[in-house]
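# Residue-level structure breakdown
Letter by letter, the chains look like this.
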Amino acid sequence: MRLCIHRGTREIGGTCVEIESQGKRIVLDVGLPFDVADPDAMLLHPVPGFDKPDPSLLGVVISHPHQDHYGLACRLPKETTFLVGEAAQSILKAADLFTPVGLKFQNVIHLVDRQAIHLDPFTITPYLVDHSAYDSYAVLVEADGKRLFYSGDFRAHGRKAALVERLIAEMPKDVNMLLMEGTALGRTSTDRGFPTEDDLVPHFVELFEQTKGLALVWASGQNIDRLVTLYKACRRAKRQLILDIYTTHVLRATGNENIPQANWRDIRIFLPQSQRYRIIRDQAFELVNPLKPYRIYPEDIAAEADRSVMLFRPSMMRDLDAIKGLSIGRMIVSVWEGYLKDERNQALLEWLDRRSVPLNHCHTSGHAAKQNLVALRKACRDAVVVPIHSEASDQYEEHFGNAHPLEDGQWLGICQ
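Residues numbered from 1 in each chain as written. Predicted model: local features only at pLDDT ≥ 70, side-chain atom pairs only at ≥ 80, totals over all residues. Heavy atoms only, no water.

Secondary structure assignment for the protein chain yields 12 helices and 19 strands. Computed over the C-alpha atoms, the radius of gyration of the protein chain is 22 Å, within 12% of the 22 Å expected from 2.2 N^0.38 for a compact globule of 416 residues. With the C-alpha coordinates aligned to their principal axes, the bounding extent of the protein chain is approximately 65 × 45 × 40 Å. Every one of the 416 residues in the protein chain was classed for burial, and the buried ones make up 60%. Within the protein chain, contacts between residues separated by at least 24 positions form 74% of all contacts whose residues are at least 6 apart in sequence. Accessible surface, the protein chain: about 17,500 Å² in total, of which carbon and sulfur atoms supply 47%. (Helix = DSSP H or I, 4+ residues; strand = E, 2+ residues; numbered from the N terminus. Rg over C-alpha atoms; globule rule 2.2 N^0.38 Å. Buried < 20%, exposed > 50% of the residue type's maximum accessible area, 1.4 Å probe, protein only. Contact = heavy atoms within 4.5 Å. Areas by Shrake-Rupley, 256 points an atom, 1.4 Å probe, with all protein chains shown as cover.)

Here helix α2 (residues 86–96) lies mainly inside the structure; eight of its 11 residues are buried. Three or more residues of α2 are buried, namely Ala 87, Ala 88, Gln 89, Ile 91, Leu 92, Ala 94, Ala 95 and Asp 96. Here the buried face of α2 lies against α1 (67–70), β5 (81–85), β6 (107–111) and α6 (245–253).

Now for the packing of aromatic side chains. The full count for this structure, using the stated rule, is eight aromatic pairs. Between the aromatic rings of Phe 98 and Tyr 246, the centroid separation amounts to 5.7 Å while the plane-to-plane angle is 70°, which identifies the pairing as edge-to-face. Here Phe 98, found in the loop between α2 and β6, pairs with Tyr 246, found in helix α6; they are 148 residues apart in sequence, far enough to count as distant. A residue is classified by how much of its surface remains accessible, and Phe 98, at 3% relative accessible area, is buried. Of note, Arg 2 hangs over the ring of Trp 411, and the distance from its end group to the ring centre comes to 4.0 Å. (Phe/Tyr/Trp six-rings, centres within 6.5 Å; stacked < 30°, edge-to-face > 60°. Lys NZ or Arg CZ within 6 Å of the ring centre and 35° of its normal.)

One open sheet holds the six strands; their spatial order is β7-β8-β9-β10-β11-β18, and the pairing between them is mixed. The sheet is open, and its two edges are formed by β7 (117–119) and β18 (384–388), each paired on a single side. When the angles between neighbouring strand axes are averaged without regard to direction, this sheet yields 20°. Strand direction decides the pairing type here: β7 and strand β8 (residues 122–129), joined by three bridges, are antiparallel. Across the sheet, the residue bridging to His 118 is Thr 123, located in β8. The strands that helix α3 (residues 161–169) touches are β8 and β10 (146–150); relative to β8, the one it contacts most, it runs at about 135°. (Pairing = 2+ DSSP bridges. Axes fitted to C-alpha atoms, helices over the stretch in contact; angles between N-to-C directions.)

With that settled, the discussion passes to a nonpolar patch on the surface. Judged by side-chain polarity, Phe 34, Trp 336 and Tyr 339 come together as a nonpolar surface patch covering roughly 330 Å² of accessible area. Looking at where Phe 34 falls in the secondary structure, it is placed in the loop between β3 (24–30) and β4 (57–61). For Phe 34, a relative accessible area of 47% translates into the label partly exposed. (Patch = residues over 30% accessible without salt bridge, like charges linked within 9 Å, V, L, I, M, F, W, Y side chains within 5 Å. Salt bridge = Lys/Arg side-chain N within 4 Å of Asp/Glu carboxyl O.)

The next thing to look at is the side chain of Arg 226. The topology assignment puts Arg 226 in helix α5 (residues 224–237). On the basis of relative accessibility, which here comes to 0%, the residue Arg 226 falls in the buried class. Ignoring sequence-local partners within four residues, the contact set of Arg 226 consists of Arg 155, Glu 197, Leu 200, Phe 204, Ala 219, Ser 334, Cys 362, His 363 and Thr 364.

Below, the discussion takes up helix α10 (residues 346–354). Along α10, the residues that are buried comprise Leu 348, Trp 351 and Leu 352. Down the axis of α10, the smallest arc covering the buried residues is 95°, so these residues share one side. For α10, the exposed residues lying more than 90 degrees away from the buried face are Asp 353 and Arg 354. Elements that come into contact with the buried residues of α10 comprise β12 (214–218), β15 (308–312), α9 (317–321), β16 (328–333) and β17 (359–361). Looking one or two places after α10, you find Ser 356, whose phi comes out positive at around 55°. (Arc of directions from axis to C-beta.)

For the rest of this paragraph, the subject is the layout of surface pockets. Put simply, the second largest pocket is a space of about 180 Å³. Lining the second largest pocket are Ile 168, Ala 169, Met 171, Pro 172, Lys 173, Asp 174, Val 175, Ala 379, Cys 380, Arg 381, Asp 382 and Ala 383. Of the residues contributing to the lining of the second largest pocket, the split by class is eight nonpolar, no polar and four charged. (1 Å grid on protein atoms, 1.4 Å probe; cavity = no way out; pocket = protein on both sides within 12 Å on 5 of 7 lines; lining within 4 Å. Points joined across faces, edges and corners; volume = space filled by probe spheres on them. Nonpolar A, V, L, I, M, F, W, Y, C, P; charged D, E, K, R; others polar.)

Per the counting criterion, the structure on display carries two cavities of 30 Å³ or more. A volume near 40 Å³ is recorded for the largest cavity. Lining the largest cavity, in full, are Val 129, Ala 138, Ser 151, Phe 154, Val 164, Leu 167, Ile 168 and Leu 376. The element best represented in the lining of the largest cavity is α3, accounting for three residues. Each residue belonging to the lining of the largest cavity can be placed in one class, and the counts come to seven nonpolar, one polar and no charged. In this model, the second largest cavity occupies a volume close to 30 Å³. Around the second largest cavity, the lining residues are Asp 113, Arg 114, Tyr 127, Leu 128, Leu 163, Arg 166 and Leu 167. If you list the elements that add at least two residues to the lining of the second largest cavity, you get β8 and α3. Per element, the largest residue contribution to the lining of the second largest cavity is three residues, and it comes from α3. Among the residues forming the lining of the second largest cavity, the class breakdown is four nonpolar, no polar and three charged.

Right, dumping it as structure tokens:
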């Protein structure tokens, strides 16, 4: 068994790993790099089966529903077999109407925690992990008597931290190679760890209680853990949570009735113009009609601003500008701070400045702190560690030992 990281050896995002054994191959993730906005603008990796069907490509694993791991899947032949979690597939299908990715899975094998999948000569065993994306997996790949463990993206301070604790305690034996993410490695906060989702709740509550007018929270509609955090904080602060139709559709797609849904107490549903356009264009009225009892309209948002929190994204600025008499009291950024430095979000900062809206940051990482990376490495003590999804590949030897950094496109045999 051997592998080639086509992209991701020295950057975060755009992950694509090809694994070969006995003339057969699988691929772990096929992500869109952060510096590429359009999948059609990027050349496909030189993987047989990516540009046209090839019987030696047995399957493509999508470890979780983040675009830097699935974003090029829409470019692969329709005959491609994908291995993806059932809830992850549903989330991507739900999101496609509102943020079109053109991803239509036709041949699917669902990843299920610790249930092995046999694609001869490979045995692929997924392990459900804690991450900011719902239904995320690490993967054990076995062939030729060798074992490779791919961490995927993970953390151990979210609402599913117990999954990672169990994984580390029950790590498969005799792993030869650990392909491990290091997104947060090298960042100043990673050495001391990150706040948990429950740590964020009182911080949000404090900010909500200090806010006169509507509180905006910029967070991903697919960050289910964060939506649970916001709902808890709203209940504690005695505010209602306003979600958009897209987020509501994603929450429903998880199939999990234990996370916030449209019919929960103190949840209201708003339909931004951009989403209204897509629903009318695609005649997708079945998404909206069941939500009528929970809808909130612009005039109501203005009247109820003092007791409301709205999930926000920059495209909604024009919707809020159109609401007469609306008082916006605060913007809380609950995504990675680096997005504020993106020139594409300069208009948002200017908008806040024009309206004299104060800005706060309340967030925790979707990735593992150094201590969690060390713990995973110790669980695979005898394995060679190969860096991926990190800008700090050169630090792996110092922190984890027995590291073998690669360059994009370089093949390496698993021979330990």
